[in-house]
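Residues per chain are reported as follows:
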Amino acid sequence: MDTLITVLVVGLATYRIARMLVLEDGPGDVFLRVRAWAGCYDYGQDGRPRTNLGRALNCMHCTGVYVGILAFLGHLILPSAVVFLAALVLASLATEMTR
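A brief report on the enclosed structure follows. (Residues numbered from 1 in each chain as written. Predicted model: local features only at pLDDT ≥ 70, side-chain atom pairs only at ≥ 80, totals over all residues. Heavy atoms only, no water.)

## Examining the overall build of the chain
Each helix and strand counted, the chain has 5 helices and 0 strands in total. Seen in sequence order, the chain has helices and strands lined up from the N terminus as α-α-α-α-α. Dimensions of the chain, computed from the C-alpha atoms along their principal axes, are close to 50 × 30 × 20 Å. Taken over 99 residues, the chain has a buried fraction of 29%. Long-range contacts, defined here as pairs at least 24 residues apart, represent 47% of the contacts in the chain between residues at least 6 apart. Accessible surface, the chain as shown: approximately 6600 Å² in total, 68% of it carbon and sulfur. Counting 8 positive and 7 negative side-chain charges, the chain places the centres of these two groups 4 Å from one another. (Helix = DSSP H or I, 4+ residues; strand = E, 2+ residues; numbered from the N terminus. Buried < 20%, exposed > 50% of the residue type's maximum accessible area, 1.4 Å probe, protein only. Contact = heavy atoms within 4.5 Å. Areas by Shrake-Rupley, 256 points an atom, 1.4 Å probe, with all protein chains shown as cover. Lys, Arg positive; Asp, Glu negative; His and termini not counted. Charge placed at Lys NZ, Arg CZ, Asp CG, Glu CD.)

## What to know about the nonpolar core
If you look at the biggest cluster of nonpolar residues, it comprises 8 residues: V9, V10, L12, A13, A71, V82, A86 and V89. The set of elements that each furnish at least two residues to this core consists of α1 (3-23) and α5 (79-97). The element best represented in this core is α1, accounting for 4 residues. Apart from residues lying up to four places away in sequence, V82 is in contact with V9, V10, A13, A71, G74 and H75. (Core = buried A, V, L, I, M, F, W, Y, C linked by side-chain atoms within 4.5 Å.)

## Notes on the environment of L57
Mapped onto the secondary structure, L57 falls in the loop between α3 (52-56) and α4 (60-77). Since its relative accessible area comes to 10%, L57 is described here as buried. Considering only alpha carbons, one finds L57 and V22, 35 residues apart in sequence, at a separation of 5.6 Å. With sequence-adjacent residues up to four places away left out, L57 is seen in contact with L21, V22, V34, R35, A38, C40 and T63.

## Some words on a nonpolar patch on the surface
A contiguous nonpolar patch, built from V65, Y66, I69, L70, F72, L73, L76, I77 and L78 and spanning about 980 Å² of accessible area, is present on the exposed surface. Note that L73 resides in helix α4. (Patch = residues over 30% accessible without salt bridge, like charges linked within 9 Å, V, L, I, M, F, W, Y side chains within 5 Å. Salt bridge = Lys/Arg side-chain N within 4 Å of Asp/Glu carboxyl O.)

## What about α1?
The end-to-end C-alpha distance of α1, which contains 21 residues, comes to 29 Å, matching closely the 30 Å that a straight helix rising 1.5 Å per residue would cover. All buried positions along α1 are accounted for by T6, V9, V10, L12, A13, T14, R16, A18, M20 and V22. Considering only its buried residues, α1 is in contact with α2 (30-38), α4 and α5. (Expected span 1.5 Å × (residues − 1).)

Laid out in structure tokens, this is it:
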């Protein structure tokens, strides 16, 4: 795959996964449960989650960095899975744009 296309595909896949983990509840509230398990809703005195994982999953940018690393490694191992996730991003964006 061309380098620019690879960057675009991995970037779209990263965005989709990070968005699901940070902002969406998911089917059967699976992502909501992951965030609760990680401590996203257990706030300390400073108003931030108490755990580092909870803080990371509360921030789209933080989660995106780690997901981006995993998506890049995933692309090296199984490129078709990352392309599939990128297609899901485009479908999700098209849905949002038509609302």
